[in-house]
Amino acid sequence: AMAEHARTPDEAVSAALRTGLPAVLKVLSPDVSHKSEVGGVLLSLKTGDEVALGFELIRERVEKRAPQARFTGVLVQKMISRPNGRELIVGMARDPSFGPVLTFGMGGIAVEVVSDSALALPPLNRVLASDLIDRTRVSRMLAGFRGMPAVDMDRLIDALIRVSELACELPCL
């Protein structure tokens, strides 16, 4: 999805009109790693006025909840609605002893609360990626349930393998 950096409310409105409404705003700050914890994510903004107000609201929330954080604006994206989607997280960190470590698990705003993730050392192949998924509780939600279609496991495994390849190829990440 197309995303634009906006430094002012006016820039946010222009960006939203280009990328499409309804819009999503996400705080941009090098000092904020979990955007929703500071109230830095707004969804389904339907008009330019809502986008402008949303920009100001995010700026105020960051000033209040993370006063040390440098606020550099917001990321503006078109809101995509996927009623059958599942929120997942794929991440990578560098451990001083082991090097790159991949993480996979339940994503979204509950990521810290639920703490359902598993770790693996790259490089991953299809078997190792599949095993990484299977070691999480969220894996049981990936099959079809309650009328929701199953997740395309081949594409999910491909995504994990690509992140694994990035981790191995680019030590700067």
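Right above here is the structure, for reference.
Predicted model, so just to flag it, every value in this text is computed and none were measured.

A. Up close: the nonpolar core. Within the largest apolar cluster, 20 residues are counted, with the highest numbers of intra-cluster contacts made by Ala 12, Leu 25, Val 51, Ile 58, Val 74 and Val 76. Listing elements by their share of this core, those giving two or more residues are helix H1 (9-19), strand S2 (23-28), strand S3 (41-45), helix H2 (48-65) and strand S4 (73-78). Grouped together as the second largest cluster of nonpolar side chains are 15 residues, Leu 102, Ala 129, Leu 132 and Ile 133 included.

B. Looking closely at helix H4 (residues 126-134). Those residues of H4 not exposed but buried are Ala 129, Leu 132 and Ile 133. Looking down the long axis of H4, one finds its buried residues gathered within 100° of arc, a one-sided arrangement. The exposed residues of H4 that point more than 90 degrees off its buried face are Val 127 and Asp 134. Contact partners of the buried residues in H4: strand S6 (99-106), strand S7 (117-120) and helix H5 (153-169). If you check the start of H4, you find a side-chain oxygen 3.1 Å away from the backbone N of Val 127, and it comes from Asn 125.

C. Inspection of the pairing of S4 at higher detail. Two elements, strand S1 (residues 3-6) and S4, share four bridges in a ladder whose sense is antiparallel. Paired with Glu 4 across the bridge in S4 is Val 76. Two strands pair when backbone bridges link them, and S2 and S4 are joined in this way by six bridges, in the antiparallel orientation. Within S4, the residue paired with Lys 26 across the bridge is Leu 75.

D. Region of the structure containing the sheet that holds S7. The three strands lie next to each other as S5-S6-S7, forming an open sheet whose pairing is antiparallel. The strands lining the two open edges of the sheet, one partner per strand, are strand S5 (88-95) and S7. Sheet twist, expressed as the mean angle between neighbouring strand axes with direction ignored, is 20°. Both S5 and S6 contribute to a ladder of eight bridges, which runs antiparallel.

E. Looking closely at the pattern of salt bridges. By the definition in use, this model includes seven salt bridges. A salt bridge links Arg 18 to Glu 4, with the nearest nitrogen and oxygen atoms 2.6 Å apart. One end of the pair, Arg 18, is in helix H1; the other, Glu 4, is in strand S1, and 14 residues separate them in sequence. A residue is classified by how much of its surface remains accessible, and Arg 18, at 54% relative accessible area, is exposed. A salt bridge links Arg 70 to Asp 31, with the shortest nitrogen-to-oxygen separation between them at 2.8 Å. Taken together, the residues Arg 70 in the loop between H2 and S4 and Asp 31 in the loop between S2 and S3 connect sequence positions 39 residues apart. Residue classification places Asp 31 among the partly exposed residues on the basis of a relative accessible area of 32%. Three or more residues joined by partner-sharing salt bridges are found here, namely Arg 126, Asp 154 and Asp 158.

About the thresholds
- Residues numbered from 1 in each chain as written.
- Predicted model: local features only at pLDDT ≥ 70, side-chain atom pairs only at ≥ 80, totals over all residues.
- Heavy atoms only, no water.
- Core = buried A, V, L, I, M, F, W, Y, C linked by side-chain atoms within 4.5 Å.
- Buried < 20%, exposed > 50% of the residue type's maximum accessible area, 1.4 Å probe, protein only.
- Helix = DSSP H or I, 4+ residues; strand = E, 2+ residues; numbered from the N terminus.
- Arc of directions from axis to C-beta.
- Contact = heavy atoms within 4.5 Å.
- Polar contact = N/O pair within 3.5 Å; in protein donor to acceptor, adjacent residues only side chain to side chain.
- Pairing = 2+ DSSP bridges.
- Axes fitted to C-alpha atoms, helices over the stretch in contact; angles between N-to-C directions.
- Salt bridge = Lys/Arg side-chain N within 4 Å of Asp/Glu carboxyl O.

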